[in-house]
Amino acid sequence: MLTMEKILRRAYPVLPVLVIDDVERAVGLAQALCAGGLNVIEVTLRTPQALEALQVIRQEVPDLIVGAGTIIREEQFTQAVEAGAQFAVSPGFTERLAQAATEMQLPYLPGVMTPPAVLAAVEHGYRSFKLFPANGEASVRMLNSFKGPFTGISFCPTGGVTRDNLLSYLSLPNVACCGGTWIAPASLVQAQAWDQITQLAREACAMARHLESLT
């Protein structure tokens, strides 16, 4: 059975955050990321085409774990499951969203930014969170300070992670993986530059392996 913790371990080092507005590009994009060594992707529900794109990826690229992101309404959990989503991600946390995720039996990664938000979600049984937005060095320092009071809690910082600061986050013991859009920038997706996207994914994986070799 997939749990959010297992999914994040599979997502290491990068969980691509994808905005797909052309279903015909969805499979090529997913295959490019998979070829680069990334095993989990998040299709954000920010476009009218997102659910169809998610469904097509699930059908055509079975090696990937595919989640639905930017879930902000309860009914989106049902829509995500019907499209084949294997997990869900939100930019924040509310009791209603948590209840909807539970009812749909869908692994759920809620977003947090402050200690009170983490505590509220921990009280509902969550142990893995999306830190959003991740704002460079300030967020690295905050995550470092979270290690003490939030023992056993893991984070996926998203919304400010880049190739340049990726290792700053991954070096923290409470960071399971990092979410990012830089791994599949809109310009490369529109150009269907799949080889370049594959290379970006490979570079991120290589950086993570090098970091591991130093510890």
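Residues numbered from 1 in each chain as written. Predicted model: local features only at pLDDT ≥ 70, side-chain atom pairs only at ≥ 80, totals over all residues. Heavy atoms only, no water.

Visitor: I tried to follow the overall build of the protein chain on my own but got confused; where do I start?
Guide: On a plain count of helices and strands, the protein chain comes out with 10 helices and nine strands. Here the C-alpha atoms of the protein chain give a radius of gyration of 16 Å, agreeing with the 17 Å that 2.2 N^0.38 yields for 215 residues. Judged by the C-alpha coordinates and their principal axes, the protein chain covers about 45 × 45 × 30 Å. Of all intrachain contacts in the protein chain linking residues separated by at least 6 positions in sequence, the fraction that spans at least 24 positions is 62%. Accessible surface, the protein chain as shown: approximately 9800 Å² in total, 50% of it carbon and sulfur. With 15 positive and 19 negative side-chain charges, the protein chain shows a separation of 7 Å between the mean positions of the two kinds. (Helix = DSSP H or I, 4+ residues; strand = E, 2+ residues; numbered from the N terminus. Rg over C-alpha atoms; globule rule 2.2 N^0.38 Å. Contact = heavy atoms within 4.5 Å. Areas by Shrake-Rupley, 256 points an atom, 1.4 Å probe, with all protein chains shown as cover. Lys, Arg positive; Asp, Glu negative; His and termini not counted. Charge placed at Lys NZ, Arg CZ, Asp CG, Glu CD.)

Visitor: What is the right way to read the sheet that holds strand β7 (residues 128-131) from this model?
Guide: Hydrogen bonds between backbone groups are what pair the strands of a sheet, and the pairing can be parallel or antiparallel. Spatially, the three strands line up as an open sheet ordered β6-β7-β8, and their pairing is parallel. In this open sheet, the two edge strands, each paired with only one partner strand, are β6 (111-112) and β8 (154-157). Each of β7 and β8 is contacted by helix α7 (residues 136-146), which is oriented at about 160° to β7, the strand it contacts most. (Pairing = 2+ DSSP bridges. Axes fitted to C-alpha atoms, helices over the stretch in contact; angles between N-to-C directions.)

Visitor: Can you help me understand the sheet that holds strand β5 (residues 108-109) in this one?
Guide: The parallel open sheet is built from six strands, whose spatial order is β5-β4-β3-β2-β1-β9. For this open sheet the edge positions go to β5 and β9 (178-180), each flanked by a neighbour on one side alone.

Visitor: Can you walk me through α7 in this structure?
Guide: An α-helical turn contains 3.6 residues, so any two residues separated by three or four positions project in the same direction. Every buried residue of α7 is accounted for by Gly-136, Ser-139, Val-140, Met-142, Leu-143 and Phe-146. Viewed along the axis of α7, the buried residues span an arc of 165°, placing them on a single side of the element. As for α7, its buried residues are in contact with α6 (115-123), β7, β8 and α8 (166-170). (Buried < 20%, exposed > 50% of the residue type's maximum accessible area, 1.4 Å probe, protein only. Arc of directions from axis to C-beta.)

Visitor: Can you help me understand the packing of aromatic side chains in this one?
Guide: The description of an aromatic ring pair rests on the distance of the ring centres and on the angle between the ring planes. Under the defined criterion, the tally for this structure stands at six aromatic pairs. Aromatic side chains Phe-77 and Tyr-108 sit 5.3 Å apart centroid to centroid with 80° between the ring planes, which places their arrangement in the edge-to-face category. Taken as a pair, Phe-77 in helix α4 (residues 75-83) and Tyr-108 in strand β5 lie far apart in primary sequence, 31 residues in all. In terms of burial, Phe-77 and Tyr-108 fall into one category: buried. Taking the centre distance of 6.0 Å and the plane angle of 70° together, the rings of Phe-93 and Tyr-126 count as edge-to-face. (Phe/Tyr/Trp six-rings, centres within 6.5 Å; stacked < 30°, edge-to-face > 60°.)

Visitor: I keep staring at the environment of Gly-92 and nothing clicks. Help me out?
Guide: Note that Gly-92 resides in the loop between β4 (87-89) and α5 (95-103). With relative accessibility at 25%, the residue Gly-92 sits in the partly exposed group. Along the backbone, Gly-92 and Ala-30 are 62 residues apart, and their C-alpha atoms lie at a distance of 26 Å.

Visitor: So what exactly am I meant to see when it comes to the pairing of strand β3 (residues 65-69) here?
Guide: Note on strand geometry: in a regular strand, side chains alternate between the two faces of the sheet. Of all five residues making up β3, five are buried, and the element is well covered by its neighbours. With burial as the criterion, each face of β3 is covered, one bearing Ile-65, Gly-67 and Gly-69 and the other bearing Val-66 and Ala-68. Taken together, the five bridges between strand β2 (residues 40-44) and β3 define a ladder with parallel strand orientation. Across the sheet, the residue bridging to Thr-44 is Gly-69, located in β3.

Visitor: Even after reading the chapter, I still don't get the side chain of Gln-76, so can you show me in this structure?
Guide: Mapped onto the elements of the fold, Gln-76 is located in helix α4. Setting aside chain neighbours within four positions, we find Gln-76 in contact with Leu-45, Thr-70 and Ile-71.

Visitor: Would you take a moment to explain the pattern of salt bridges for this structure?
Guide: Opposite charge on two side chains makes pairing possible when the charged atoms of those side chains draw close. Scanning all chains against the criterion turns up four salt bridges. Among the salt bridges present, the one from Asp-22 reaches Arg-25, with a minimum N-O distance of 3.7 Å. You can call Asp-22 partly exposed: its relative accessible area is 25%. Ionic contacts of the salt-bridge type, sharing partners, join the residues Asp-21, Asp-22 and Arg-25 into one network. (Salt bridge = Lys/Arg side-chain N within 4 Å of Asp/Glu carboxyl O.)

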